[in-house]
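A structural walkthrough
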Amino acid sequence: IKEIIKASNDILKYEINSLSFSPDDRFLAAVSRNVCVIWDMEVGEMVTSKTLQKNINLMTWGRVTEDSRSSRCSYKLHLACSSQVIMNSLDYDVATMRYVLRSEFATMPTGGLVRSYTSSIVPLQGGLFLLAGTENGEVCVFNTKHRIFRASVTAAKNGVRTMCCSETDDTCLYIGAGDGTVTHFCGTDCHWKAQRSARVQGKVMSLSVRADGKSLL
């Protein structure tokens, strides 16, 4: 991995803000300020890079599907720049015999939606919804298939700092807040209801559900 990243030093000139593997571990994506770089770990090469006008404050992989035209997998990667949400598709192009990144902006409400995003998750069982936490303490729901904003759900005080869901049940969502509250939500699409909550000292910066779904760390 070190050698692969070294080869991209001319693009990644600043600190790495986010680093994440695709769900099948085939690709590694990194964000450095306003640049996103993707490497193919199978062949050890950089696939593509994307430069935005402002710093990227959210990066989340979505679902992986098989492309019937190329017999290769197609990947979803979601980015946020300022209040814009960009939904990317990493697809294998038969003509060039390589993966290419195609991007589209998510459709926002007509009145505008100005938010600063802090964390995000795509429940991978269904993979149809991007849940993005904000500094305002909301969770914004986006339909990834139609690339459209669905709803904004009030979820936390002092901002949403982290989110996670069970691998066996993507209708269960856990949210960690800046005021130390951990809340369990149940729902789907734009309908989410708080079930129970607990509180710890300080901000909740990370959450993880045990593989069997029986405890939350």
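Residues numbered from 1 in each chain as written. Predicted model: local features only at pLDDT ≥ 70, side-chain atom pairs only at ≥ 80, totals over all residues. Heavy atoms only, no water.

What follows is about the pattern of salt bridges. Evaluated as defined, the whole model comprises 9 salt bridges. In this structure, the salt-bridge partner of Asp 40 is Arg 26, at a minimum N-O distance of 2.7 Å. One end of the pair, Asp 40, is in strand S3 (residues 35–40); the other, Arg 26, is in the loop between strand S1 (18–21) and strand S2 (27–32), and 14 residues separate them in sequence. Of the two residues, Asp 40 and Arg 26, both sit in the buried class. Linked through salt bridges whose partners overlap, the residues forming this network are Arg 26, Asp 40 and Glu 42. (Salt bridge = Lys/Arg side-chain N within 4 Å of Asp/Glu carboxyl O. Helix = DSSP H or I, 4+ residues; strand = E, 2+ residues; numbered from the N terminus. Buried < 20%, exposed > 50% of the residue type's maximum accessible area, 1.4 Å probe, protein only.)

Let's shift gears to the sheet that holds strand S15 (residues 181–188). On the basis of which strands lie adjacent, the open sheet formed by 4 strands has the order S13-S14-S15-S16 and antiparallel pairing. Pairing within the sheet leaves two strands with one partner each, and these edge strands are strand S13 (160–165) and strand S16 (191–199). Averaged over all pairs of adjacent strands, the angle between strand axes in this sheet comes to 25°, irrespective of strand direction. Pairing of strand S14 (residues 172–177) with S15 involves 5 bridges; the strand directions are antiparallel. Bridged to Ile 175 within S15 is Thr 183. (Pairing = 2+ DSSP bridges. Axes fitted to C-alpha atoms, helices over the stretch in contact; angles between N-to-C directions.)

Computed from the structure, the largest pocket encloses a volume of approximately 860 Å³. In this structure, the largest pocket is lined by 34 residues; those nearest its centre are Thr 60, Ser 120, Ile 121, Met 163 and Cys 164. Counting residues per element, the ones that place at least two in the lining of the largest pocket are S1, strand S5 (56–67), strand S9 (117–121) and S13. No other element matches S5, which puts 6 residues into the lining of the largest pocket. Partitioning the lining of the largest pocket into residue classes produces 17 nonpolar, 13 polar and 4 charged. As a volume, the second largest pocket reaches approximately 330 Å³. Taken together, the elements giving at least two residues each to the lining of the second largest pocket come down to S5, strand S6 (72–81), strand S7 (84–93) and strand S8 (98–105). Looking at the lining of the second largest pocket, its residues break down into 1 nonpolar, 7 polar and 10 charged. (1 Å grid on protein atoms, 1.4 Å probe; cavity = no way out; pocket = protein on both sides within 12 Å on 5 of 7 lines; lining within 4 Å. Points joined across faces, edges and corners; volume = space filled by probe spheres on them. Nonpolar A, V, L, I, M, F, W, Y, C, P; charged D, E, K, R; others polar.)

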